[in-house]
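# Examining the three-dimensional arrangement
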Amino acid sequence: MSKADALGGSATFDAVAQPMSSRAASFAAFAGQTTAAPAAAPTHSSLRVAVDRLAPNPYNPRATLAAIEEMADSLTSKGIIQPLTIVTREAFLAAHPDHAQDLASADYVVVDGNRRLAGAKLAGLDEVPVHIDDALAHDADTLLETALIAAVQHEDLEPLDEARALERLVQVHGSQRAVARALGKSSGWVTQRLALLKLTPELKQALEDKELPVKIARSVGQLPEQQQQSAAEEALAQRAQQKSESSRKPKGAYPVSTPPAAAAKRQGEPATAGSVQRTEQDLEALAADLKRRLTSQQIEELVELLIG
């Protein structure tokens, strides 16, 4: 039996009305979903804990914690508004005994709020508000999924960190469609982000250095490696030209036209990231029109057809 089969579908996000385990109910509550009251709900509590009693999550999807100084400045002036979600040391080590050394002498492990914890330490705060939920320490994949959901909701993960975490979740759940359902996103959303992992090392570095916009990187990542560098350069040049032209163009609606990429395919020419970039404004207008006309389910089905 595969790991995905052993774990089963994500009970957290299943919409079918059926009895739920305490772990599933806890996970669903963390994700902000409404579920039927479980027969035995897990114990939750909110309190304040000294920062030196907290250890960061070994399964945090972030490779690095960015903008910690800005976070520290914010915490110094405003304090921590949202409590950190944590699990006890005992619950964590019961599921992950190999990580005892990572925790040192900490009594708790942070599941959501590792960046806030780092900022609090830099700001010199003695304690932080926390929310304890030991059900989230069930296994490594639950911890990863919980941290990823929180990061997606906060929209503060670095693009490549997000892509690597999504790749891990695909291995757990068995398919991109299952991961999309678990995260409340479309399959196309998952596919676009996983495309970043197919970039050449040079383009990955450019993305990390903020020299390559994420939108272009996602388009380029879907091309063969030998075409990626030239496609990225073409897209960047087109982006600069488009910005220059838009600054001189009067405000108003843009007409929806046939994308050059589609025309190129009809002529037997391969579509490039540059050709897609040239129609960005037209595609945005088309996307807005489709959102008005189609339901969310119809949009997801359309995405499946387009990327299939």
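No experiment lies behind these values; they were computed from the predicted model shown.

## Points about the overall build of the chain
- A tally of regular secondary structure across the chain gives 17 helices and five strands.
- Summarising the internal contacts of the chain: among those between residues at least 6 apart in sequence, 73% fall at separations of at least 24.
- Accessible surface, the chain: about 17000 Å² in total, of which carbon and sulfur atoms supply 51%.

## Observations regarding the pattern of salt bridges
- A complete count under the given rule lists six salt bridges for this structure.
- Here D112 ties to R116 by a salt bridge, and the two come within 3.4 Å at their closest N and O atoms. This pair shows no difference in class: D112 is buried, exactly as R116 is.

## Observations concerning helix α11 (residues 201-208)
- For α11, the full list of buried residues reads L203, A206 and L207. The buried residues of α11 occupy an angular sector of 100° when projected down its axis, which confines them to one face. Away from its buried face, by an angle of more than 90 degrees, α11 presents the exposed residues P201 and E202.
- Turning to α11, the residues buried within the fold contact α8 (159-173), α12 (214-220) and α13 (225-248).
- Following α11 by one or two positions, K210 has its phi on the positive side, about 65°.

## Comments concerning the packing of α8 against α11
- Two elements in contact, α8 and α11, have axes whose closest approach is 9 Å; the angle formed by their N-to-C orientations is 120°. The angle between the axes of α8 and α11 places the two elements in the oblique class. Contacts between α8 and α11 involve P159, L160 and R164 on the former and, on the latter, K204, L207 and E208.

## Remarks on helix α3 (residues 68-78)
- Of the residues making up α3, those classed as buried are I68, M71, A72 and L75. Relative to the axis of α3, the buried residues are bounded by an arc of 100° and lie together on one face. In α3, the exposed positions angled more than 90 degrees off the buried face are occupied by E69, E70, D73, S77 and K78.
- Following α3 by one or two positions, G79 has its phi on the positive side, about 80°.

## Description of the nonpolar core
- With 29 residues, the main nonpolar core has L148, L166, L183, L196, L199, L212 and V220 as its most contacted residues.
- For this core, the secondary-structure elements that each account for two or more residues are α7 (140-154), α8, α9 (176-183), α10 (187-194), α11, α12 and α13.
- With residues near it in sequence (within four places) discarded, L212 still touches L203, A206, L207, A217, A232 and L236.
- V49, L54, M71 and L117 belong to the second-largest nonpolar core, a separate cluster that totals 15 residues.

## Points about the packing of α8 against α10
- Interaxial distance between α8 and α10 falls to 9 Å at its minimum, and their mutual angle equals 120°. If you check the angle between α8 and α10, you find them oblique. For the pair α8 and α10, the crossing hand works out as left-handed. Between α8 and α10, the residues in contact are E162, A163, L166, E167 and V170 and W189, R193 and L194, respectively.
- For the contact of α8 with α10, the residue count by class is five nonpolar, no polar and three charged.

## Concerning the side chain of R116
- Among the secondary structure elements, R116 is positioned in helix α6 (residues 114-123).
- Judged by relative accessible area, which is 12%, R116 ranks as buried.
- At 2.8 Å, the side chain of R116 forms a polar contact with the backbone oxygen of Q82.

## So, the confidence of the model for the chain
- Considering every residue of the chain, the mean pLDDT works out to 75; 67% of them sit at 70 or more.
- Counting contacts from residues 260-267, a segment whose pLDDT is below 50, to residues more than four positions away or on other chains yields eight contacts.

## With respect to unusual backbone geometry
- The phi dihedral of A104 is positive, around 55°, even though this residue is not glycine.
- With respect to the secondary-structure elements, A104 resides in the loop between α5 (100-103) and β4 (108-112).
- In this structure, K210 takes a positive phi of about 65° despite not being glycine.
- On the secondary structure map, K210 appears in the loop between α11 and α12.
- The exposure class assigned to K210 is exposed, which follows from its relative accessible area of 58%.

## Some remarks on the pairing of β4
- Counted residue by residue, β4 has five buried out of five residues, so it is predominantly covered.
- Across two bridges, the pairing between strand β2 (residues 54-55) and β4 is parallel. Paired with A55 across the two strands is V109, which belongs to β4.
- For strand β3 (residues 84-88) and β4, the ladder comprises four bridges, and the chain directions are antiparallel. Its bridge partner being in β4, I86 is matched across the sheet by V110.

The rules behind the values
- Residues numbered from 1 in each chain as written.
- Predicted model: local features only at pLDDT ≥ 70, side-chain atom pairs only at ≥ 80, totals over all residues.
- Heavy atoms only, no water.
- Helix = DSSP H or I, 4+ residues; strand = E, 2+ residues; numbered from the N terminus.
- Contact = heavy atoms within 4.5 Å.
- Areas by Shrake-Rupley, 256 points an atom, 1.4 Å probe, with all protein chains shown as cover.
- Salt bridge = Lys/Arg side-chain N within 4 Å of Asp/Glu carboxyl O.
- Buried < 20%, exposed > 50% of the residue type's maximum accessible area, 1.4 Å probe, protein only.
- Arc of directions from axis to C-beta.
- Axes fitted to C-alpha atoms, helices over the stretch in contact; angles between N-to-C directions.
- Parallel < 35°, antiparallel > 145°, perpendicular 65-115°, else oblique.
- Core = buried A, V, L, I, M, F, W, Y, C linked by side-chain atoms within 4.5 Å.
- Left-handed = near helix turned anticlockwise from the far one by under 90°.
- Nonpolar A, V, L, I, M, F, W, Y, C, P; charged D, E, K, R; others polar.
- Polar contact = N/O pair within 3.5 Å; in protein donor to acceptor, adjacent residues only side chain to side chain.
- pLDDT = per-residue confidence, 0-100.
- Pairing = 2+ DSSP bridges.

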